[in-house]
Structures are given as C-alpha cells and as structure tokens.
Amino acid sequence: MTQRDTIVIGAGITGLTAAFQLRRRGTDVEILECRNRVGGQIHTFHIDGFTFESGPNTGVVKYPEVAELFEQLDGKCQIETAHTSAKRRLIWKGDRFHDLPSSLTTAITTPLFTWKDKLRILGEPWRRRGTDPDESVGDLAERRLGRSFVDYAVDPFLSGVYAGDPYRLPTRLALPKLYRLEQDHGSFVRGSIAKARQPKTDRDRKATKAVFSAKGGFGRLTEALAESIGADRITTSARHISILPHDKGWMVSYEKDGERHAIEARRVITTCGAYSLPRLLPFVDSTLMADLNNLYYAPVVQIGVGIDDTRGHDRMAFGGLVPSGERREVLGILFPSACFDGRAPRHGAALAYFMGGVRHPEMVDMGNDELTAIVRRTLVDMLKYPADLAPRTLRIFRHERAIPQYEVSTDRRLAAIDRLRELYPTLTIAGNLRDGIGIADRIKQGFDVAGDERA
C-alpha cells in the first residue's frame, strides 16, 4: 500500500502549481491525472514554424504569485511579457475593427459609443452606487456607462474572457474587483484612483498587470513544473479515480493499465472540473453534491491559423473582439505573433480564432469544413487579407467544457465547498469552480491551497 501525505487530483496548472509548492515545502505529495499528459486545458502545439495554444493564450500578471512561480523555476521556464502592441485592443463594428478607447480622449472620439453614453462616461464618478448584490455585469455597466458601452466594450470583453453573456453573470462573482470599486468607492473612476494611490510593498509591485505567456508557449510552463515535481510523483492515465474517507485520512484508488491501485493519504486536493466530482467523491450526500456540481461550462471552438506571409497586412494589436449584436460567426480573433516573439515565421502570422460560447454552443459540433470556411471567409472580410491568401496551417481544437460561468448558482456551490470543509477539514475542493478562471487566478489558487495551514 502506497502512502503519501497529500494527493493532488488533476495535473492542470492549478494542480501542478499546488504540488510544486508542496514539494518545495518538503511535503510527500503525488499527482493523479486521468489524461495521458500533464497540462489540463493548457496544451501548446508547434506546427510548421507556428506556435498554437489549444487553451489559454495569455494571462495577466495581476498577482505577485505569477512572477514568483517563474522565479522559483530557476530558469527552467521564462516568463514572456507581451509587446506594447498588446495594449491595443480592437472591437468590430459595422464593417471593420475599431480601436477600443484607452483614455478619456479616445472614449469621447470613438465611433463605438453614442454621444449620449459618452456624456454618461464623463458623469460616472457622480453616479449612485448600486444596491442589488446580484446585479449583472451588463446591468451595472449600462446603469453607470450606458447601453452602447455594454454593447461595444463589456459584451465583447465578457465574450473574450468567459465566452458568456454579460446579463447572466453577476458582477460580484464574475468581476469581483470591479464590483468592489463601486461598492467601496462609489465609482469605477474614484476607486481606480484610490487603488493607484495605495502604498505598495516590493512584493505588491511584482503584480504588474502585464500580459504574459511563457517563452515557447504555456506548455513550457506546465512541462517545467512537472519536471520540478518529478516524474515519480505524477501518475498520468489514472482512470476511475475514487476518494473515500479512511481512518488515516483518505483512501484514493484508481485504475492504470488494467490494474487497480490504492494510496493512503492524510490530505486530498481536487483541482478537476465540477463535472468530475460526483464520481470522484462518491461518499458526498447527493443534495450537497448537486450544489457542488451546479456549474455550466461554455463550449468553445479554438482554431490556430498560420499564415506564411501576410504581405504587409499585419495587425499590431492583442486581437479583435466581436460584440454579439454584430451577429458575426466568431467571438474574437487574437494575434499571438503580434504579442510574442517566435510564434510565426518572420513574415508570417499566428492567429487564434474563438467561436461558440454560451450563445452558440452548437458550433462545437460543426464539421471541420464548415469551420474552415468561416476562417477563410473572415480572413478576407474581417481581417482584410487578400482573397488569394490561404493559411499554411489550420488546427481546430474543440472544448465541450471550456469556460465555467460564474452565475448566481455560484453562491450555492461555494457554500457547499465550505460545508464539505467543515465535515472533512483535510479535503480541499479547488480548481476553476471557484476563485477565478484566468491562468493567474489558477496559479494564485495553487499557492493558496498549498499553504493552507488548516489542512
């Protein structure tokens, strides 16, 4: 019988970060992963000189833990911050992309917003704070900034982050920092100014808000974490994992290569999706599990597109997002090769298309020919490439459960997690079912659960 202090379920970025931190502390830890590789949603492909991600393309250095993780890896993987071009964001309106305003001046001159709403933007600091704790991101932004701001800033932003509907996501759950700006300071503008004036420690300054990846793609980061943890502490292709309470803590069993294995552990950390928990935790009461498992994941199709020679038709920007009201077939198109070096040949470009989401979940079932036709068509009529320019490489990635939607049901899920913690103090329910969906959120959670002294 194998014995470990801690078992981590899931070798995505959260589980790898948590296990890496535990190993650094000298904890006897092992990871169990049902797939045949590490990385979870992160999977980097190098094809014909192009670098494509099938999961997240970028993150934001919004926590010190992000910078510290790369420091701790001691050269095994280097952080790569995006070029200044990444500060430029594009929004589709009518028949072309427009720059998203980045200052008060450009907010007043942009064609994206109506004149009525431009005046509302000027009056935002004096608007009353909201009183509905479940007010959606869309309703909050419409109340404070106007409907055209929702349509051409908030809607495409939420499509890019959540592939979701801004009127279905409560602000306090989906964008808690934005919610607190209004609640604590009465205004987004006044809150941002107050935050900027707060004194910062040297550690605080590591959170630069810069857009980042890893040199060579995020797959390099998960590979470096796995190498540092040790191959002998990671079991992939672990099927039918089951966790049961045991007199010494927990009994974790799984199947690999047709054989059943069991591990005794004092502590267990789960980092898998909510949909995996019913089978993983068979001892949990069905009513409690229903609340724990009440999370909808938006399906997303991501397509990596490689162009050998752009013929000078380069887009020096982070990417272009498409408001739902424009009724296009894509949620957005990112330009990774404009943000990071080495993602495409010298005169070429690497693009990342996103389709589907909560409004069009059926697109995940579209055939390859249909999806390819959308790409070829939009390369011409949206990105303005010459009609005879064909992609060198096109790779389609389908994610039936891509992005969790933090809707009102989140409160019941978080309460269920707290209740399980009361019943079983050495069982930690982590992963993207709580604490944010971005890669920086996942890294920070990995640090937090590893350092949880209550377990």
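The preceding data block contains the structure.
Just so it is clear, the model here is predicted, and its values are computed rather than measured.

Cut-offs used in this document
- Along every chain, residues carry numbers that run from 1 in the direction the sequence is written.
- Local features in this predicted model are restricted to residues of pLDDT 70 or higher, and side-chain atom pairs are both shown and tallied only at a pLDDT of 80 or more, whereas totals for entire chains, interfaces and linings draw on every residue.
- Calculation of side-chain values draws on the structure's entire complement of heavy atoms; hydrogens and water are dropped beforehand.
- Numbering goes from the N terminus for both helices and strands, where a helix is a DSSP run of H or I of at least four residues and a strand is a run of E of at least two.
- Radius of gyration here uses only the C-alpha atoms, and the compact-globule reference equals 2.2 Å multiplied by the residue count raised to the power 0.38.
- Buried, partly exposed and exposed residues are distinguished by accessible area as a fraction of the type maximum, computed with a 1.4 Å probe on protein chains only: under 20%, between the cut-offs, and over 50%, respectively.
- Every accessible area reported is derived by Shrake-Rupley at a probe size of 1.4 Å, with residue values counting cover from the shown protein chains alone.
- When charges are counted, Lys and Arg are positive and Asp and Glu negative, with His and the chain ends excluded.
- To locate a charge, take NZ of a lysine, CZ of an arginine, CG of an aspartate or CD of a glutamate.
- An axis is simply a line fitted to the C-alpha atoms; with a helix, the fit covers only the stretch in contact. Between two such axes, the angle follows the N-to-C directions and lies from 0 to 180 degrees.
- Crossings are assigned a handedness: left-handed for a near helix turned anticlockwise from the far helix by less than a right angle, right-handed for a clockwise turn.
- In this description, contact between two residues means that some pair of their heavy atoms is separated by no more than 4.5 Å.
- Side-chain classes are defined by residue name, with Ala, Val, Leu, Ile, Met, Phe, Trp, Tyr, Cys and Pro counting as nonpolar, Asp, Glu, Lys and Arg as charged, and the others, Gly among them, as polar.
- In this text, buried Ala, Val, Leu, Ile, Met, Phe, Trp, Tyr and Cys residues form a nonpolar core when linked through side-chain atoms within 4.5 Å.
- Within this document, salt bridges are pairs made up of a side-chain nitrogen of Lys or Arg and a carboxyl oxygen of Asp or Glu, the two lying within 4 Å of each other.
- Strand pairing is assigned whenever DSSP detects at least two bridges linking the two strands.
- To obtain the arc, one takes the directions from the helix axis to the C-beta atoms.

Helices and strands together make up the secondary structure of the chain, namely 16 helices and 19 strands. A globule of 455 residues ought to have a C-alpha radius of gyration of about 23 Å, and the chain, at 23 Å, matches this closely. Referenced to the eigenvectors of the C-alpha coordinate spread, the extents of the chain come out at roughly 70 × 55 × 45 Å. Taking all 455 residues of the chain together, the buried fraction comes to 55%. Here the chain has roughly 20400 Å² of accessible surface; of this, 49% comes from carbon and sulfur atoms. Of the side chains in the chain, 66 bear a positive and 59 a negative charge, and the two mean positions are spaced by 4 Å.

A separate point is the environment of Thr-114. Tracing the backbone shows Thr-114 in the loop between helix H3 (104-109) and helix H4 (115-122). Overall, Thr-114 belongs to the partly exposed group, its relative accessible area being 39%. The spatial distance from the C-alpha of Thr-114 to the C-alpha of Ile-193 is 26 Å, given a sequence separation of 79 residues.

As a further point, take the packing of helix H1 (residues 13-24) against helix H16 (residues 439-450). Between H1 and H16, whose axes approach to 8 Å, the crossing angle comes to 35°. The element H1 and its partner H16 pack so that their crossing is right-handed. Contact residues: H1 offers Ile-13, Thr-14, Thr-17, Ala-18, Gln-21 and Leu-22, while H16 offers Ile-439, Arg-442, Ile-443, Gln-445, Gly-446, Phe-447, Val-449 and Ala-450. Residue classes in the contact of H1 with H16 are distributed as eight nonpolar, five polar and one charged.

This part takes up the nonpolar core. Of all hydrophobic cores here, the largest spans 39 residues; its most connected members are Phe-113, Phe-149, Val-154, Leu-158 and Tyr-162. Looking at this core, the elements with two or more residues in it are helix H5 (137-145), helix H6 (147-162), helix H7 (171-174), strand E14 (297-307), strand E17 (349-356) and strand E18 (393-404). The element that contributes the greatest number of residues to this core is H6, accounting for seven residues. With residues up to four places along the chain from it excluded, the contact list for Phe-149 reads Phe-113, Asp-117, Ile-121 and Val-154. Residues Leu-22, Phe-218, Ile-234 and Ile-443 belong to the second largest nonpolar core, which totals 35 residues.

The subject of this paragraph is the pattern of salt bridges. For side chains bearing opposite charge, pairing can occur when the charged atoms are close. Counted under the stated rule, the structure contains 35 salt bridges. Between Arg-144 and Glu-124 there is a salt bridge, with its nearest N and O atoms 2.7 Å apart. Here the residue Arg-144 occupies a position in helix H5, and Glu-124 occupies one in the loop between H4 and H5, the gap between them amounting to 20 residues. Each of the two residues, Arg-144 as well as Glu-124, counts as buried. Linking Asp-435 and Arg-434 is a salt bridge whose minimum nitrogen-to-oxygen distance equals 2.4 Å. It is possible to trace a salt-bridge network through shared partners that takes in Arg-4, Asp-28, Glu-30, Asp-232 and Arg-233.

This paragraph deals with the sheet that holds strand E16 (residues 332-334). Taken together, seven strands build an open sheet; the order of strands is E8-E7-E15-E16-E17-E14-E18 and the sheet is mixed. The open sheet has two edge strands, strand E8 (96-99) and E18, and neither has a second partner. Recorded for the sheet is a direction-independent mean angle of 25° between the axes of neighbouring strands. In terms of strand pairing, E14 meets E18 through nine bridges, oriented antiparallel. Bridge pairing in E18 places Gly-306 opposite Thr-393.

The next thing to look at is helix H8 (residues 176-185). Taken residue by residue, H8 has Tyr-179, Leu-181 and Glu-182 as its buried positions. Looking straight down H8, one finds that the buried residues subtend no more than 155° of arc, so they occupy a single side. Buried residues belonging to H8 abut H5, H7 and helix H9 (188-197). Directly beyond the C-terminal end of H8, a positive phi value near 80° is found at Gly-186.

All right, on to the packing of H1 against helix H10 (residues 218-229) then. Across the interface, H1 lies against H10 with an axial gap of 9 Å and an inter-helix angle of 35°. Between H1 and H10 the crossing geometry is left-handed. Contact residues: H1 offers Ile-13, Leu-16, Thr-17, Ala-19, Phe-20 and Arg-23, while H10 offers Leu-221, Thr-222, Leu-225, Ala-226, Ser-228 and Ile-229. When the residues that make up the contact of H1 with H10 are grouped by side-chain class, the tally is eight nonpolar, three polar and one charged.

In space, the three strands of this open sheet follow the order E5-E9-E6, with antiparallel pairing throughout. The strands lining the two open edges of the sheet, one partner per strand, are strand E5 (59-60) and strand E6 (79-81). In this sheet, strand E9 (residues 211-214) lies alongside E6 in antiparallel orientation, the contact comprising three bridges. Residue pairing across strands places Thr-81 opposite Phe-212, the latter belonging to E9. Seen against the sheet, helix H2 (residues 64-72) touches E5, E6 and E9 and runs at an angle of roughly 25° to E9.

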